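Residue-level structure breakdown
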Amino acid sequence: MKVRKRSIVGMIGAAGIATSISLVLMDKSKRQSLMNKWKNAMQMNESHLPIEEAGDPGKDNLENADMVAEGSQFGVHYYNKVRQ
């Protein structure tokens, strides 16, 4: 059976990753730390992102959104001025 070098490298890499993961998960404190980080990442609320605080100019003013889509910057400057 002929096996390509790329396949062998991929298998060795996968085995190395699997070994690393199993070593981390064997230690209870490391496993708990990993689970806490995962839970914190999943609980991140989108309302804390700055884009939510800025609003959505596309939904707030459809005429300006159309002008910007055509290349006009008037709507962008007006929106920034109004937000200040």
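Just so you know, these numbers come straight off a predicted model, no measurement behind them.

**Regarding the packing of helix H1 (residues 5–26) against helix H2 (residues 28–42)**
Closest axis-to-axis distance for the H1/H2 pair is 5 Å, and the angle between their directions is 100°. Relative to H2, the element H1 lies roughly perpendicular. In contact with Val24, Leu25 and Met26 of H1, H2 contributes Lys28, Lys30, Arg31 and Leu34. Looking at side-chain class alone, the contact of H1 with H2 contains four nonpolar, no polar and three charged residues.

**Considering the confidence of the model for the chain**
A residue-level look at the chain finds 65% of positions with pLDDT of 70 or above and a mean pLDDT of 75. Per-residue pLDDT, averaged within each element of the chain, yields its smallest value for helix H3 (residues 50–54) (53) and its largest for H1 (88).

Scoring rules and cut-offs
Every chain begins its residue count from 1, and numbering advances along the sequence as written. Local features in a predicted model are, by the rule used here, given only for residues with pLDDT of at least 70; side-chain atom pairs are given and counted only at 80 or more, and totals for whole chains, interfaces and linings are based on all residues. Calculated side-chain values reflect all of the structure's heavy atoms, with hydrogen atoms and water omitted. Between N-to-C directions, angles span 0 to 180 degrees; the directions come from axes that are lines fitted to C-alpha atoms, helices contributing only their stretch in contact. Only runs of H or I of at least four residues qualify as helices and only runs of E of at least two qualify as strands under DSSP, and these elements are numbered from the N terminus. Every angle not falling under 35 degrees, over 145, or within 65 to 115 is termed oblique; those three ranges are roughly parallel, roughly antiparallel and roughly perpendicular. Contacts are assigned to residue pairs that have any heavy atoms within 4.5 Å of one another. By the convention adopted, Pro, Cys, Tyr, Trp, Phe, Met, Ile, Leu, Val and Ala count as nonpolar, Lys, Arg, Asp and Glu as charged, and the other residues, Gly among them, as polar. As a per-residue quantity, pLDDT reports the predictor's confidence and falls between 0 and 100.

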